[in-house]
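Given next are the chains, with one letter for each unit.
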Amino acid sequence: MYRYPFLSSSNLPCLILHYGLCFSKKTSASQKPAWKNKKSKAEEESERAYLAKLERRQNYLKNPRFFPPNALQGGKSLVISQEKVEQTIARRKAEDNKGDTSFIPVFLANPPTVLFSDYEVGQVYETTVELQNITSTCHSLRLIPPSTSAFAIGSVPRIIDCGSCLVGGIKSMMILCRNEGFSTGMFCIMPKKAWPPLSFRDVATVGFVIQDPFGIHPAVFKLAPGESITVEVSTNCYRKSLYLTKYFSKQDNSRRSWPDLGNLGFCEKKCSNPFVRLCWKNCNLNIYKLKFITSWGESSYRCCYFTSLFQVVFFPSTPEVLQQTYTIVCDNCQVKDVTVTGVGQLIALELLFVTGGENKPEPGEATDVTAKHLIRFEPQNPHSTEEKKIVIRNSTPIELPFYWQIMKPNLKPLIPQKTAASMELKYDQDTESAFSLNPEQGVLLPHADHEFILTYTPQELKNYHSVIQMVLRDIPESPCSVREGMLQNIPEYKAEDVIALEIEVKGSTEPFQLLLEPYAIIIPGENFIGVNVRKTFKMWNNSKSLIKYTWEKIIACDILEVEPHTGAIEMNKCCEFELTITGWKPGCISHNLQCKIEHCPEPVVLHVEAAFKGPLLRIDVPSLQLGLIKRGESVLRTFEIQNLCQLPAQWRMQENPVCLAERNEEVSPFTIQPSAGEIPPLAICSVSVQFTSLLCRRFQTVLELEVENGEGSHLPVLVEVQTPQACLISSHLVFTEIYTGVPAKATSKLFNQTLLPAKYLWGKLVGSQAPSCSATVCPASGTLGPNEEKEFCVELSANITGELKDLALSCSIEDMVEPLFLSISGEVKGLYVTYCIPCDSGVASDKRQIFESPCDLLLDFGSEVAFKDVVKRQLILTNHTGISAPFKLEAEYFTGYSLTPEQGICLIVIVIFLIIIIYFLKLLKAAVEKTRACHKTCSQKSTVRIHQMPLCCALSEFAAAVLSHGKGAAFHVQPSTGTLKASQQLIIEITAYNNMWGEYQDHLVCMVGGASVPSEVGDLEPKLIPMRMTVTGCPIFLQMTGPQTEQPMIRFGTHISDGRPVFRRVRLNNPTPFDIRLDWQTYNEDEDNTKLVDLLLFFGDPFPLKDTDEKETPSIGSNLDSEIEPSDTDGEEQKIITQEPTVQKIVSVLIRPHEGIPADNPYSITPRQIVVPGGGSIFVSISFAPCALPEAVSEAQCEGFVLGFMSLDNELAKTVPNKVHRRDGYDVPPLRVDLQGFVIHAQLRVDTDRNGEVVFHSMASDLVPDQSLLGVLTDSVMTQSLKLLNCTKVPLYFRLLLSTPFSLSSTDPKMSTKTSHSKKEKKEQQPQLVLYPQQNMLVKVSFHATPELLTYQRLPDTQLLPGVQVLQCENGERKLKFNQNLVIEYSNRTTQLVPVTAYLTVPVLELSCHTVDFKTCFVAQTETEHVFLCNRSGCRSYWTASLDEQERQNDLEVFSISPTTGILEAREGDQPTTETLQISFTARSDIEYETTVTVTGMLGEKPCKLQIRGRGTYDEKYEDVFNFSKTMWDMP
C-alpha cells in the first residue's frame, strides 16, 4: 500500500473532461471526383422522361385528409389545430400569385438546434439528431449537407475511443474487424507518420504497433471469407491482471493464429472502385467493433465475409487527453486513417460536505501530519452517539473500489525545524477508537457523490483522536514499470492499495450533567410518627444524551422511597419525583439518598432532613392561678387537656418532685382527679385540681404532664394565703396654697398591704385648731382591694390667717386594733394681683412667655403699622391668690365705640345670613362643575372669593363700628370687664384699629376689686399702662384694584406706534374720616440712570393750595376752637386738646431717593391737584400717548408712575396734643400708581404658499374655451388665497390696496374690498378693516388675464408699463411677468407691502424653414413638400395658415396648404410640439410662381411667413411617371 497523490479541487477541472457525440465531417478520401459522376446530356433527358412517366402513373385523386398541410385543398396536421389550418387556407386564397405559403412543419427535429459551445481546435465532436414525422402521411426525406467544411453529416466517425484509464494502468480492448468485400484481403496497421513506408517489412512488427501511449496488435492480418466468430472481451483498467477471452471459429475449434510476417503480401487481384467504410460501437464492456466494407463494383467475384480480432492497448503515463493516428493499408491500395484517443486520469476525490462544516485547528493544538481535513465532535457523554454526514465526490470517470480504516494519528512535531517529510510515519490501527463509518467499503461510482455516516460513540471520560483513511484497492504503480512490461509483452503489472483521503477526527467526553431541584429536601416543622410525608422534587438532565436512573430505598428505622423508582430522562428534560418519608421514632433524621446513573461512576445524592414527634397534648390554660385565700380555706380549679394529633396518647400528671423537696414536704397539698389515663385522637379530657393550706404563705409550684412517646408539658400553679393589713402612704398632709374663707383641697393615699379586701372609715378633726377649721374627706368610707392604693381628697376651710400647726384627721381599718392618723399643716393667705405683658403677645403658653418688669410696662403696637391693619397685643392679669375679684379695663382717649345689644344682634344676624349664602353657593358650585366643566376655574375663583367675603365683611363692619368716633384709631379691650377668679391668669387682648395714619399714644386703665371682697382685703388701686402705635401707609386706593398692600398698576396694553392717546378714568377712594389733598406728579422710569438721590429745594409750602387754573391761593387756616364741638361727655378730652403755635417754613431742603425722571409724556394725569373727601371718592383721568417707534426697534415698553403727595388742611386732623400727630407732604409715603404700556409697529403676518409672496402661473390659452369657435374670452381669472394673521396684542385697522391686472376679494362679505386706480378713490372707496388679536382673515387675490395683456408681448421695453416684463427663455419659451405690491395701509398711515407676481405664458410659433422651392415641375403634375410648425412654449396655440390674397383669388389652384388650422399643444419636456404642413404645387403653365404662407395665432403670436416658389414646364423629362400614375389611379 502506498499513498496516492491526491488532487485538490483547485486542479480538478483540468483533469476532468466531458465527452459528447457530434457531427463529423467526411474526409476528402470518401468523396468521389466530380468528373466520375457526371452523365451525358442524352442520359439526363432519358432519366427525366422516365421520372415523369412514373409520376403520371401515381397522380391519382387522394383523400383530402392525406393531403400535405400546405396544400390548398386542406390537410390534417397533428400539431396545428383545424381552426388555424382553416384560417391559413382562407388567408392563402386571398393572397395573390406572389404571396408565399405559410410554412407548416412536417418533421420534428430533436434537438431543434445543434450547438457546440465548448470545443477545442483540432478535436472532433459529434452528436445525434432524431427526426420525427408529425403528420398522418408518409413523406420522403433528403438531407442537404452543410454548406461549410467545418460540419459534416455521416453515420459513423473514424475514432477509436479508449475512454479513461488511470495513469500507470493498462486498458485493453478487442476490436472486431469485418471484411464485407468479395475476396480475401491483406491489411497492415502502422503509425501515420510511417506512411508511406519504404517497405512493408519495415513497419510490420510481430507484437504491438506502439505509438505512446497506445498499442495495436497484430500489425498485419488477413481477412478471408468463411467462418463467424463470437467475441467476448472482459477488461479492467485498474486490476493487477488483464484477462482476455480466447476466440474460436465455428467450423473448427482450433485457435486462430495471426499471419506470419514471412508470408506478408497483397491480394492477387486489385480492387476496382474500392470503398471502405469504418464504423464502431462502444458497448458496456468496452468492446469496440471495426467494420471494413470493400466494394468491388461490377466484378463477377463472389462476396466473401470474414471477421478478425485485433487488440488495442492504452497505457497512459500523464493525466491528459491523448490521441494517436494509425494508418490501415489494404492490398487493394485502400488507405484509411484511424484515430485512437484516450484520457489519462489521476485519482480525484473531494470532500464536499460535512455536517456542521469542517473545523480549523486551534493555535497550539496537536494535529496529524498528513491529514488535510479536521472534523471535531461536540463533547458527548459516555456511551452516547453522535453522527455526522460526509459527502465525498469521485471526480474521475472510473469506478474506484475502497474501504475505510481507522488509524492512530501521527502528531506534528513540537520542533519547528522538523518537517513531516523527515518524520517516520507509523500506521497503527486504532483499536480503541470511538469512531466508525458506514458503509465501511464499496465502490465509488464515476462522477458521483457518495454519502457516509461518521459515528462518534465514546466509552470513557477522555479525549479521542483518530485518523480515518479512505483506501482505494488495486491502484497501479508508476508508469515506468508499465511501459517496460508492455515492451516485453508482459500481460500483468503490479498494483496495490493506496490511501486517497485522510480525515482527522476528534471528540471529547464530559460527565453527565445532572441537577436536583432542590438539591436537598428539608421538611419544615415536626411531623407525627407513623404518618407519611410526601415531597416533590425534580431532576434535570443537562447532559448531551439520555440517562437511565435507579433510586435506592432506605427501610432501616425510617422509610425513604422515591417514585418513580427507575426510568430514563431525555436530554435537556426533567423528571418530577415524589419522596415519601415515614418516621417511627421522635427526633430528627438525616439521610443521603443515592440515585445510580447508568454508565456514570458516581451516584446523584439527595440530602433529606426531617423531624418527627409523638402525640401532642395541650393544656387549655397557660397557668393555674388559684388566687388569694384566707388561711384554712380550700379552692378548686378545672382545666382541659386536648389531644391535637390523630394518635392516642397515654398521660400522667403530678406535682414536680423538685418543688416538694424544696418545701421539705412529702405529700403534695394538691389533689388531681384523674391523675392519669389515655386520650383518644383529637379528644379532650377534663382535669380538676383542689388545694387546701393551713399556713399564711405563697405557693409557687409546677404540675408535670408526662406523655408516652411524646413531649411532656408543665403547668405553673400560684396561690396566696394571707390576712387583712392597710397603711397611709404619707401620714402628713400639707396645704401649699390656702386662702381665708376659700376651701382648699389636698390628696393623700391609703394602701392595702395584703391581697385581701380591707374596709376603712374616716373620723373627725382633732387638735387645738380644730374648732376654727372644718374638713371633708371624699370618699369617707369604703373597701380597699388586694394591694390597692386608693387616693382620697381632703377639703379644708380655714377661718383664720396664719400657719396651721396642731390639726389631725383619724381613720379606722376593720380587723386592725389601732386607727390611722393624718396630720394637716399649711399657711392661710389674702388677695394679690400682678400685671405683665408677654414679649410675644400671640403666645399663650406659660413656658414661652417672657414677662417685662412692672415698671417697664408698655403696650407697643408697632412703629410701622400698615394702614387699616389690625394689631393685637396681650396683657396678662394674674391672681396669685384663691380669692375671686371683679375687674374693668378701658383706653383713656382712643376708646372704641361699643356696640349696643341691638347692633350686636344685627351683626350676628348678618353673619348667619352670610353663612347660609355660603352653603347655597357650595351647592351651586357642585351643580356647575357637573354641567359645565369649561367654567370650572371661574367658579372656583368666584366661590373662594365669596367664601372669604362674609368674614371680611363682618370684620370690616366691626372695625367701622369701633372707629365710628372719627379719631382715626381705637383700642378695643376684650374682655373689658369680668371676674378674675382665684389663682387665675387671665389674658386680656387689646386690639388696635386704625383708618388714618399718624403717631398715636394713650393709657390703658386697669381696675381690680369690689364689694365682694372682705373688708380686711380692701380694693386695689387703678393701674395705668401706656400704649403706643405709629400707623403708616397711604389710605387712598383705586376702585379698580381695591385696598391692597401691593402698589397698584394700570396697564394700558399694547398700541401701535404714533397712535391716538388712550385714556383711563380712575376712581380714588378715601376711607379715612378726614379730607386729604393730593398733588400729582408723573415720572418715567430710566433703568440706565445712575443717579441715586434727588435734592429738592422749596420756598414756602411744597404743596400749596391751587385753584382751577393751578394758581396758588392763600392758605385758609382753621381754628381749632371753632372746629371742636363741645360735648358734655368729653369734658376731660377738651382739657387735653390745647392750641399749639404754628411754625411757618420759609425754605425747605429735601433729599429723596431717585426713582424716576419727571415728565409729562407719554403719561399725564388731570387734574393735578384734588381733594378726596373723607369717606368719599373722586375721579382722575390718566392718559397714555404712544410715541413714534423707530424702524429698527420692533417693540418698546413704556414704564412710568404717578405720585400723589398727601396733605391735610385741617389742623385737628394733623395734631391732638399728647395723643396723635400726623405728618403730610414729603414726610409721608405718597400714593404711587405704576403705569405700563407697550408700543409696537403695525404689522400683519402674511401666510402664502411661497414664503410671503403671491405668485400666479397662467397661460394665454386659458382665454380660449374648449369650443374654440366661440372666440377669445374677455377675461380669465386665477385666484389664490393668502391669510392675514394679527400676531400682536392690539386690534389693527387697515385698508388693502391693489391695482390691475390684480384684484382683491375677502371671504367676509361685509368686509369686501374694491380695486381702484387713484389714491383719492382708494381712500374714498376702500373700507377700513379691523383684525383683532390672534385672529386671521382669508383674502383672495385674483389675476385677470385679458386679451389686452397679450398685446404687451409685441411692445418694446420702453413702452411697457411699470411692473411688466417680457421674459425670453433659452428653450424658446416666452412669458409676460407682472409685478405688483399688495399695500396694507394701517390707521397710523404706515404701510406693509406684499409682493404679487404673475407669469403669463404666451405661445411661440416657429417654422422649420422659411422658404420652399419646388424648382421645375411638369405642368399639371402636383408636387408636395412638408414643413413643420413648432410650438416651443408651455402654452397651447390656436393657429391658422393662409395664402396671400392673390393666390386665393386664382381660379385654378397652384399652391395649397393642408391643414389650414389646428391646435398645437403645450411643449412637454425639452422637445417642442410640431404639426406637419403639407405644401402642394401644381403648375398650370410654363411660368414661375411665387406666393407667401402666413401662419397666425389667436393669442397674439408673432406671425410666421413661408415663401413658396416653383416653375412649370412642358419638358417630359421632368415628368414623374410613378407620381403621375398614382395620381391617375387616385382619380375617380
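Residues numbered from 1 in each chain as written. Predicted model: local features only at pLDDT ≥ 70, side-chain atom pairs only at ≥ 80, totals over all residues. Heavy atoms only, no water.

(A) Up close: the overall build of the chain. Along its length, the chain carries 15 helices and 94 strands. Per-residue burial over the chain gives 39% buried out of 1532 residues. Here the contacts in the chain between residues at least 6 apart in sequence split such that 75% fall between residues at least 24 apart. As presented, the chain carries roughly 87600 Å² of accessible surface, and 52% of it is formed by carbon and sulfur atoms. (Helix = DSSP H or I, 4+ residues; strand = E, 2+ residues; numbered from the N terminus. Buried < 20%, exposed > 50% of the residue type's maximum accessible area, 1.4 Å probe, protein only. Contact = heavy atoms within 4.5 Å. Areas by Shrake-Rupley, 256 points an atom, 1.4 Å probe, with all protein chains shown as cover.)

(B) Just a nonpolar patch on the surface, in detail. There is a patch of nonpolar side chains on the surface, built from Leu1092, Val1093, Leu1095, Leu1097, Phe1099, Ile1146, Val1147, Val1149 and Ile1151 and spanning about 1000 Å² of accessible area. Broken down by secondary-structure element, the contributors of at least two residues to the nonpolar patch are β66 (1093-1099) and β67 (1147-1153). It is β66 that provides the largest number of residues to the nonpolar patch, a total of four residues. With respect to the element layout, Phe1099 can be found in strand β66. Assessed through its relative accessible area of 63%, Phe1099 is described here as exposed. (Patch = residues over 30% accessible without salt bridge, like charges linked within 9 Å, V, L, I, M, F, W, Y side chains within 5 Å. Salt bridge = Lys/Arg side-chain N within 4 Å of Asp/Glu carboxyl O.)

(C) Here's a closer look at unusual backbone geometry. The linkage connecting Glu517 with the following residue, Pro518, adopts the cis geometry, with an omega of 0°. Tracing the chain through its elements places Pro518 in the loop between β23 (514-517) and β24 (520-522). Cis geometry is adopted by the peptide bond preceding Pro1459, which originates at Ser1458 and carries an omega value of -5°. Locating Pro1459 in the fold gives a position in the loop between β90 (1455-1458) and β91 (1461-1464). The backbone of Asn572 sits at a positive phi, close to 60°, despite the residue not being glycine. With a phi close to 60°, Leu682 is a non-glycine residue in the positive phi region. In this structure, Leu682 sits in the loop between β38 (676-679) and β39 (684-692). Looking at Leu682, the relative accessible area reads 52%, which means it is exposed.

(D) Spotlight on the side chain of Thr1473. As for its placement among the helices and strands, Thr1473 is situated in strand β92 (residues 1473-1482). Filtering out sequence-adjacent residues up to four positions away, Thr1473 remains in contact with Leu1429, Cys1430, Asn1431, Leu1464, Glu1465, Ala1466 and Arg1467.

(E) Structural view of the nonpolar core. Within the largest apolar cluster, 68 residues are counted, with the highest numbers of intra-cluster contacts made by Leu875, Ile990, Leu1004, Leu1068 and Leu1078. For Ile990, the contacting residues outside a window of four places in its chain are Leu859, Phe861, Val871, Lys872, Arg873, Gln874, Leu875, Phe971, His972, Val973, Leu1004 and Met1027. (Core = buried A, V, L, I, M, F, W, Y, C linked by side-chain atoms within 4.5 Å.)

(F) Local environment of the pattern of salt bridges. Summed over all chains, the structure comprises 34 salt bridges. The salt bridge involving Asp1002 is made with Lys1219; its shortest N-O contact spans 3.1 Å. In this pair, Asp1002 is assigned in strand β60 (residues 998-1008) and Lys1219 in the loop between β73 (1215-1216) and β74 (1220-1221), connecting sequence segments 217 residues apart. A residue is classified by how much of its surface remains accessible, and Lys1219, at 5% relative accessible area, is buried.

(G) A look at the pairing of strand β79 (residues 1292-1297). Alignment of β79 against strand β81 (residues 1329-1331), held across three bridges, turns out to be antiparallel. Bridge pairing links Leu1292 to Leu1331 in β81. Two elements, β79 and strand β84 (residues 1374-1386), share four bridges in a ladder whose sense is antiparallel. Looking at the pairing, Leu1297 lines up with Val1383 of β84. (Pairing = 2+ DSSP bridges.)

(H) Region of interest: the packing of aromatic side chains. Here the structure, examined in full by the defined rule, presents 36 aromatic pairs. Aromatic side chains Phe1052 and Phe1184 sit 5.5 Å apart centroid to centroid with 40° between the ring planes, which places their arrangement in the tilted category. In this pair, Phe1052 sits in strand β63 (residues 1049-1056) while Phe1184 sits in strand β71 (residues 1177-1184), placing the two residues 132 residues apart along the sequence. With respect to class, Phe1052 is no different from Phe1184; both count as buried. An aromatic cluster of three or more residues is present, and its members are Phe861, Tyr893, Phe894, Phe971 and Tyr1000. The ring of Tyr893 has Lys967 lying over it, and the distance from NZ or CZ to the ring centre is 4.1 Å. Here Arg1065 stacks its cationic end above the ring of Phe1179, 3.9 Å away from the centre of that ring. (Phe/Tyr/Trp six-rings, centres within 6.5 Å; stacked < 30°, edge-to-face > 60°. Lys NZ or Arg CZ within 6 Å of the ring centre and 35° of its normal.)

(I) Seen up close, the sheet that holds strand β88 (residues 1422-1431). Spatial strand order, β86-β88-β92-β90: four strands in an open sheet with antiparallel pairing. Every other strand in the sheet has two partners, leaving β86 (1405-1407) and β90 as the edge strands with one partner each. Neighbour-to-neighbour, the strand axes of the sheet open up by a mean angle of 25°, direction not taken into account. Two strands pair when backbone bridges link them, and β86 and β88 are joined in this way by three bridges, in the antiparallel orientation. Note that in β88 the partner of Glu1406 across the bridge is Cys1430. (Axes fitted to C-alpha atoms, helices over the stretch in contact; angles between N-to-C directions.)

(J) A look at the pairing of β88. Judged from the ten bridges that link them, β88 and β92 form a sheet pairing that is antiparallel. Considered in β92, the bridge of Phe1428 is made with Thr1476.

(K) Just the sheet that holds strand β26 (residues 533-541), in detail. Sheet architecture is open: four strands sit in the order β23-β26-β30-β28, paired in antiparallel fashion. Because the sheet does not close on itself, it has two edges, and the strands there are β23 and β28 (559-563). Strand-to-strand twist of the sheet, defined as the mean angle between neighbouring strand axes without regard to direction, takes the value 25°. Bridge count between β23 and β26: four bridges; the pairing is antiparallel. When the bridges of β26 are listed, Glu517 appears paired with Lys538.

(L) Region of the structure containing the confidence of the model for the chain. Taken residue by residue, the chain gives an average pLDDT of 78. The fraction at 70 or more is 77%. Ranking the elements of the chain by mean pLDDT puts strand β10 (residues 288-292) last with 31 and strand β20 (residues 448-456) first with 94. Below pLDDT 50 for its whole length, residues 96-102 participates in six contacts with residues either more than four positions away or in separate chains. The low-confidence segment residues 481-491, where pLDDT is below 50, has 17 contacts with residues more than four positions distant or belonging to other chains. (pLDDT = per-residue confidence, 0-100.)

(M) Geometry of the environment of Glu665. Its place among the elements puts Glu665 in the loop between α6 (657-663) and β37 (670-673). Among the residues examined, Glu665 registers a relative accessible area of 22% and is labelled partly exposed. Side chain to side chain, Glu665 and Arg663 meet in a polar contact 3.2 Å long. Here the side chain of Glu665 touches Arg697 through a polar contact of 3.0 Å, side chain to side chain. (Polar contact = N/O pair within 3.5 Å; in protein donor to acceptor, adjacent residues only side chain to side chain.)

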